[in-house]
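A structural walkthrough
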Amino acid sequence: MAMVLGKPGVDGLDGALGALRDWQYDGAPMQLHPGDVGWYWRFGAEATAAAVRTWSRDGRILAVGLLDGPGLLRLTIAPDARRDEELARRLVADLSEPGRGVLPEGKAYVEAPAGALVQKLLSAAGWDTDEPWTPLRRDLAEPVRDPGVRIEVTGPERVPERTAVHRASFDSPTFTDERWHAMAAGTPYADARCLVAYDGRGEAVAAVTVWSAGPGKPGLLEPMGVHPEHRGHGYGRAITVAAAAALRKLGSSSALVCTPSSNAGAVATYASGGFQRLPEVRDRRRDA
């Protein structure tokens, strides 16, 4: 059967998410997670569907990509298809030719699992490597200690505090209350939690969203931030520990996060929260 590039539409998102959940396992290379699609859902179901691409053969999804920003495709592949030459060659062709409706002309980036054949073929096609990222993992087999600060799960009544911490942490105005509600209405959020940490005066100081891929599978932290007025007091470590505890409660086997290696403060924060550094990963980059 021929390889088919598809745009699943809103009705097809659950199929793509189901494939992503199936492909998560401890020891897998850092890859696109259902939580990444869940976080994108803040833009609404239609926008999320428009950003997703699938590659299928004989009715089975073999690869899923998320257009996560201008010129960036975050791509992952079924574990038993990472060395599939037909799939890898089709991926490279679709990613390299703007007319196929995946990436635009000019500078573009592809995130793909380390060791997948598509990495080698992209290199041969002239795609260079970009700046390094550091994945980190925390095993959740054992109970997680108390984070030492007050932690609350965000419900509708606490949304303004959750979104305000995010906007301040990332110096970005885009995560509004309306976008939180759009995210929470998405299918992936049924297995997610937003947490907010509070200081002794009751001020919201840090926040995180955690995403389960199902019992016995790795969960994801995306995103985590500390209000700039409250940095340097251990709140980043505390919210990271709380995130791990929340994922363990959801049944996750481990907790994953990935941050630019240049952000030494973030790497140190996750490490202080019990996360172990994994080998660096790099996107593929096309300059022209």
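As the structure is a prediction and not an experimental result, all values here were calculated from the model.

1. What about the pairing of strand β5 (residues 108–111)?
Across 3 bridges, strand β4 (residues 72–77) lies against β5 in parallel orientation. Of the residues in β5, the one forming a bridge with Arg74 is Glu111. Note that β5 and strand β13 (residues 281–286) share 3 bridges and pair antiparallel. Within β13, the residue paired with Tyr109 across the bridge is Arg285.

2. Things to note about the packing of aromatic side chains
Taken as a whole, this structure holds 5 aromatic pairs when the rule is applied. Between Tyr40 and Phe43, the ring centres sit 5.1 Å apart and the planes meet at 65 degrees, which makes this aromatic pair edge-to-face. On the basis of relative accessibility, which here comes to 34%, the residue Phe43 falls in the partly exposed class. What links up through ring pairs into an aromatic cluster is the set Trp180, Tyr189 and Trp211. Here Arg150 stacks its cationic end above the ring of Tyr198, 4.1 Å away from the centre of that ring.

3. Examining the environment of Leu278
With respect to the secondary-structure elements, Leu278 resides in the loop between β12 (276–277) and β13. In sequence terms Leu278 and Gly38 are 240 residues apart; their C-alpha atoms lie 24 Å from each other. Among residues more than four places away in sequence, those in contact with Leu278 are Thr134, Pro135 and Arg137.

4. Some thoughts on empty space enclosed by the protein
Across all of its chains, the model carries 1 cavity of 30 Å³ or more by this definition. Of the pockets and cavities examined, the largest cavity occupies roughly 40 Å³. As for the largest cavity, its lining consists of Leu13, Ala16, Leu17, Leu20, Val37, Val52 and Val64. Counting residues per element, the lining of the largest cavity draws most heavily on helix α1 (residues 9–22), at 4 residues. Considering only residue class, the lining of the largest cavity consists of 7 nonpolar, no polar and no charged.

5. Let's talk about the side chain of Arg285
Examined against the element boundaries, Arg285 turns out to sit in strand β13. At 3.0 Å, the side chain of Arg285 and the side chain of Asp130 are in polar contact. A distance of 2.6 Å separates the side chain of Arg285 from the side chain of Asp287, its partner in a polar contact. If we ignore the near neighbours within four places in the chain, the residues touching Arg285 are Ala108, Tyr109, Gly126, Trp127, Asp128, Thr129 and Asp130.

6. Considering the nonpolar core
Formed by 42 residues in total, the largest nonpolar core has its most connected members in Leu87, Leu103 and Val118. By size, the runner-up hydrophobic cluster in this structure holds 26 residues, among which are Ala197, Ala206, Met224 and Val257.

7. Brief notes about the pattern of salt bridges
Once the charged atoms of two side chains with opposite charge are near each other, the side chains can pair. Scanning the model with the defined rule gives 19 salt bridges in all. For Arg57, the salt bridge identified is with Glu86, shortest N-O distance 2.7 Å. Here Glu86 lies in helix α4 (residues 85–96) and Arg57 lies in strand β2 (residues 52–57), a separation of 29 residues in the sequence. Accessibility expressed as a relative area gives 23% for Arg57, which makes it partly exposed. Judged by relative accessible area, which is 40%, Glu86 ranks as partly exposed. Arg150 serves as the salt-bridge partner of Glu152, at 3.2 Å between the closest nitrogen and oxygen.

8. Structural notes on the layout of surface pockets
Over the atoms rolls a probe the size of a water molecule, and in doing so it shows where empty space is left. Here the largest pocket defines a volume of roughly 1200 Å³. The greatest single-element share of the lining of the largest pocket, amounting to 7 residues, is contributed by strand β10 (residues 218–226). Here the second largest pocket is characterised by a volume of approximately 240 Å³. Around the second largest pocket, the lining comprises 18 residues; the ones closest to its centre are Gly27, Ala28, Pro29, Met30 and Leu278. Contributing elements (two or more residues each) for the lining of the second largest pocket: β6 (128–139) and β11 (254–260). Grouping the constituent residues of the lining of the second largest pocket by class yields 11 nonpolar, 4 polar and 3 charged.

9. Quick word on the packing of α4 against helix α5 (residues 117–124)
Two elements in contact, α4 and α5, have axes whose closest approach is 9 Å; the angle formed by their N-to-C orientations is 45 degrees. On the basis of their axis angle, the class for α4 and α5 is oblique. Of the two possible hands of crossing, α4 and α5 adopt the one that is right-handed. Contact residues: Glu85, Ala88, Arg89, Leu91, Val92 and Leu95 in α4; Leu117, Val118, Leu121 and Leu122 in α5. When the residues that make up the contact of α4 with α5 are grouped by side-chain class, the tally is 8 nonpolar, no polar and 2 charged.

Procedures and definitions
Residues numbered from 1 in each chain as written. Predicted model: local features only at pLDDT ≥ 70, side-chain atom pairs only at ≥ 80, totals over all residues. Heavy atoms only, no water. Pairing = 2+ DSSP bridges. Helix = DSSP H or I, 4+ residues; strand = E, 2+ residues; numbered from the N terminus. Phe/Tyr/Trp six-rings, centres within 6.5 Å; stacked < 30°, edge-to-face > 60°. Buried < 20%, exposed > 50% of the residue type's maximum accessible area, 1.4 Å probe, protein only. Lys NZ or Arg CZ within 6 Å of the ring centre and 35° of its normal. Contact = heavy atoms within 4.5 Å. 1 Å grid on protein atoms, 1.4 Å probe; cavity = no way out; pocket = protein on both sides within 12 Å on 5 of 7 lines; lining within 4 Å. Points joined across faces, edges and corners; volume = space filled by probe spheres on them. Nonpolar A, V, L, I, M, F, W, Y, C, P; charged D, E, K, R; others polar. Polar contact = N/O pair within 3.5 Å; in protein donor to acceptor, adjacent residues only side chain to side chain. Core = buried A, V, L, I, M, F, W, Y, C linked by side-chain atoms within 4.5 Å. Salt bridge = Lys/Arg side-chain N within 4 Å of Asp/Glu carboxyl O. Axes fitted to C-alpha atoms, helices over the stretch in contact; angles between N-to-C directions. Parallel < 35°, antiparallel > 145°, perpendicular 65-115°, else oblique. Left-handed = near helix turned anticlockwise from the far one by under 90°.

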